[in-house]
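# Tertiary structure, described
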Amino acid sequence: MAGSPALSQPTSLRAWLLSSEPGSRSQARLGRAYLGWRSFTKNPLAVFGLCIVLLLILVALFADFLAPYSPIAGGDLRTQRLLPPSETFWLGTDDQARDIFSRIIYGSRVTLFVVLLVSIIATPIGLMVGTIAGYLGGWVDTVLMRITDIFLAFPRLVLALAFVAALGPGIENAVIAIAITSWPPYARIARAETLMIRNSDFIAAVKLQGASTPRIIIGHVVPLCISSLIVRVTLDMAGIILTAAGLGFLGLGAQPPMPEWGAMVATGRNYLIDQWWVAAMPGLAIFVVSLGFNLLGDGLRDVLDPKAAK
């Protein structure tokens, strides 16, 4: 009997969250979030992907404490160059006698920087283009979607290479180039969602109340498109990582001595036969992080996509 009050507290909280008659908007939102989390945790692969992404974030935040050596300064080239993995250098050293483990840890910051910045730039562009085209229709829709089709006609990496070649090599220009090539799919999704809801009864009611077109788009259409875009952006993050790594591999992304994973793979290709770890370790990091974002995106799609609800 002594333990019953402690047990009743989480039970009552769960009942409050799952109430069929919420007393406020906050309670309704928290209830939906709780149901979404329960649905998400039923997918072990999605939880595994979430753990990988969280680990990437933690490694990037605490890189200064986790890395045993400097990611830029090398050791003695006569005795520490191209050493295999050992207790001293967990993942070996590269051609400049730099610790690969430390460079991969600091490289997580570069990867996270690229992913976040591209998402922040590309998502609003695609969202606004798609919602405006879908809601207004007519010649506005035709012009905006034809521009979108032009960008979609080129492979992302090829188009990013063209923009980086025009802007010049560097991580900032690589981010801009990837963002420019990433927004068209988001515009397509936002337009499709907008076409489905622009003739809804609640939109007609808002019009009768005198709401302007910008207010309807920003206040009522955009929020309904966000969940689909979140899923697409999460799934695209793996592609963003691979595009950034491809630009780094070709020497058009992050410049030496910045510890970027694609550039590290490019350095290691010269030693792939005898010193395989120089290229394999950063390549493995790219693979694991890309897999994590893909698994997380699949899990979010099951939770956020109303068409996938059973």
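I will try to describe carefully the structure that is included in this document. (Residues numbered from 1 in each chain as written. Predicted model: local features only at pLDDT ≥ 70, side-chain atom pairs only at ≥ 80, totals over all residues. Heavy atoms only, no water.)

## Some remarks on the pattern of salt bridges
The full count for this structure, using the stated rule, is ten salt bridges. Linking Asp 94 and Arg 98 is a salt bridge whose minimum nitrogen-to-oxygen distance equals 3.0 Å. Classification of Arg 98 as buried rests on a relative accessible area of 12%. Connected through salt bridges with shared partners, the residues Asp 94, Arg 98 and Arg 103 form a single ionic network. (Salt bridge = Lys/Arg side-chain N within 4 Å of Asp/Glu carboxyl O. Buried < 20%, exposed > 50% of the residue type's maximum accessible area, 1.4 Å probe, protein only.)

## Comments concerning helix α3 (residues 44–61)
With 18 residues, α3 should cover 26 Å at 1.5 Å per step; its first-to-last C-alpha distance of 26 Å lies within 8% of that length. Looking at α3, one finds that the buried residues are Ala 46, Gly 49, Ile 52, Val 53, Leu 56, Val 59 and Ala 60. Looking straight down α3, one finds its buried side chains confined to an arc of 150°; they lie on one side. Among the exposed residues of α3, those oriented more than 90 degrees off its buried face are Pro 44, Leu 55 and Leu 61. Considering only its buried residues, α3 is in contact with α2 (25–41), α4 (63–66), α5 (100–136), α11 (261–268) and α12 (277–304). A distance of 3.2 Å separates the backbone nitrogen of Leu 45 from a side-chain oxygen at the start of α3, and that oxygen is part of Asn 43. (Helix = DSSP H or I, 4+ residues; strand = E, 2+ residues; numbered from the N terminus. Expected span 1.5 Å × (residues − 1). Arc of directions from axis to C-beta. Contact = heavy atoms within 4.5 Å. Polar contact = N/O pair within 3.5 Å; in protein donor to acceptor, adjacent residues only side chain to side chain.)

## Observations concerning unusual backbone geometry
A cis amide bond, omega 5°, links Pro 256 with the succeeding residue Pro 257. Along the polypeptide, Pro 257 turns up in the loop between α10 (213–249) and α11. Non-glycine residue Leu 82 carries a positive phi angle of around 55°. Considering the arrangement of structural elements, one finds Leu 82 in the loop between α4 and α5. We classify Leu 82 as buried; its relative accessible area is 13%. Phi is positive for Ala 97, which is not a glycine, with a value near 60°. Position of Ala 97 relative to the elements: it lies in the loop between α4 and α5.

## A short note on the side chain of Ser 119
Positionally, Ser 119 belongs in helix α5. Residue classification places Ser 119 among the buried residues on the basis of a relative accessible area of 11%. In this structure the side chain of Ser 119 is engaged in a polar contact, spanning 2.8 Å, whose partner is the backbone oxygen of Val 115. Setting aside chain neighbours within four positions, we find Ser 119 in contact with Pro 124, Val 233, Met 237 and Ile 240.

## Overview of helix α6 (residues 138–152)
The end-to-end C-alpha separation of α6 is 21 Å, in line with the 21 Å expected for 15 residues at 1.5 Å each. Listed as buried for α6 are Val 140, Asp 141, Met 145 and Thr 148. Across the axial projection of α6, the buried residues extend over an arc of 110°, all falling on one side. Seen from the open side of α6, the exposed residues pointing more than 90 degrees away from its buried face are Trp 139 and Ile 150. Those residues of α6 hidden inside the fold are in contact with α5 and α8 (171–197).

Worth remembering: the numbers are spatial, not functional.
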